[in-house]
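# Structural overview for review
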Amino acid sequence: QVTLVESGGGYVQAGGSLRLSCAASGRTFSTYGWFRQAPKKEREFVAAITWSGGTTGYADSVKGRSTITRDNAKNTVYLQMNSLKPEDTAVYYCAARSGIPIYSDAKESYAYWGRGTQVTVSS
């Protein structure tokens, strides 16, 4: 059974930091991504990383403030978020895709999803 389990969300003041984790089990995927969804908004891309080469990509809204990394031995992907802003408040989802290990920011290309972890940033 394939599962993606996110952790690390929480409540933080503006300017603070959080590190989200996504533990995958059942298999290893070619590309992992983080997406987020705020209330009444569409789910949007945050960051992605390829498993083999570690190619990364970020949304403009988090570029320079966030870092996505992977631990191959633990089959876990991390999202380090710094200088958090109230507009970063959302449920953050981990996603995974198979096939060619290329970077993708399209949520439609990810077949596997976790249940999400809430991040709340107060002003």
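Preceding this section is the structure that the text describes.
Here is a short report on the structure shown in this document. (Residues numbered from 1 in each chain as written. Predicted model: local features only at pLDDT ≥ 70, side-chain atom pairs only at ≥ 80, totals over all residues. Heavy atoms only, no water.)

On inspection of all chains with the given rule, the structure shows 1 disulfide. Note that Cys-22 is cross-linked by a disulfide to Cys-94, the S-S spacing being 2.0 Å. Residues Cys-22 and Cys-94 are joined by a disulfide whose S-S torsion is about -75°; by sign, that bridge is left-handed. Pair noted here: Cys-22 is in strand 3 (residues 18-25) and Cys-94 is in strand 9 (residues 90-97), with a separation of 72 residues, a long-range link. Among the residues examined, Cys-22 registers a relative accessible area of 0% and is labelled buried. (Disulfide = S-S within 2.5 Å. Helix = DSSP H or I, 4+ residues; strand = E, 2+ residues; numbered from the N terminus. Buried < 20%, exposed > 50% of the residue type's maximum accessible area, 1.4 Å probe, protein only.)

Evaluated as defined, the whole model comprises 8 aromatic pairs. Ring centres of Phe-29 and Tyr-32 lie 5.8 Å apart, and the angle between their planes is 85°; on these two criteria the pair is classed as edge-to-face. The exposure class of Tyr-32 is buried, given its relative accessible area of 0%. Between Tyr-110 and Trp-113, the ring centres sit 6.4 Å apart and the planes meet at 65°, which makes this aromatic pair edge-to-face. In this structure Tyr-110 comes out as buried when scored by relative accessible area, which is 4%. Sitting over the face of the ring of Tyr-93, Arg-43 holds its NZ or CZ atom 3.7 Å from the ring centroid. (Phe/Tyr/Trp six-rings, centres within 6.5 Å; stacked < 30°, edge-to-face > 60°. Lys NZ or Arg CZ within 6 Å of the ring centre and 35° of its normal.)

Strand pairing within a sheet occurs via backbone hydrogen bonds; the two strands may be parallel or antiparallel. With respect to topology, 4 strands assemble into an open sheet ordered 1-3-8-7, the strand pairing being antiparallel. Each edge of the open sheet carries a strand with a single partner, namely strand 1 (3-7) and strand 7 (66-71). Averaged over all pairs of adjacent strands, the angle between their axes in this sheet comes to 15°, without regard to strand direction. Examined bridge by bridge, strand 3 and strand 8 (residues 76-81) share 6 bridges and lie antiparallel to one another. Residue pairing across strands places Ala-23 opposite Thr-76, the latter belonging to strand 8. (Pairing = 2+ DSSP bridges. Axes fitted to C-alpha atoms, helices over the stretch in contact; angles between N-to-C directions.)

A side chain of one charge can pair with a side chain of the opposite charge when the charged atoms of the two come close. Throughout the structure, instances matching the rule amount to 5 salt bridges. Here Arg-36 and Glu-44 are joined by a salt bridge, their closest N and O atoms 2.6 Å apart. For Arg-36, the salt bridge is made with Asp-88, and the minimal N-O distance between the two is 2.9 Å. With Arg-36 in strand 4 (residues 31-37) and Asp-88 in the loop between strand 8 and strand 9, this pair connects stretches of sequence that are 52 residues apart. For the pair formed by Arg-36 and Asp-88, the shared burial category is buried. (Salt bridge = Lys/Arg side-chain N within 4 Å of Asp/Glu carboxyl O.)

It is worth spelling out the nonpolar core at this point. Counting 33 residues, the largest nonpolar core has Tyr-32, Trp-34, Leu-79 and Tyr-92 as the members making the most contacts within it. When residues of this core are traced back to their parent elements, those giving at least two are strand 3, strand 4, strand 5 (44-50), strand 8, strand 9 and strand 11 (117-122). (Core = buried A, V, L, I, M, F, W, Y, C linked by side-chain atoms within 4.5 Å.)

For the rest of this paragraph, the subject is the pairing of strand 1. By the alternation rule, side chains of strand 1 split into Leu-4 and Glu-6, which are all buried, and Thr-3, Val-5 and Ser-7, of which none is buried. As paired elements, strand 1 and strand 3 share 5 bridges and run antiparallel to each other. Pairing of Thr-3 across the sheet is with Ser-25, part of strand 3.

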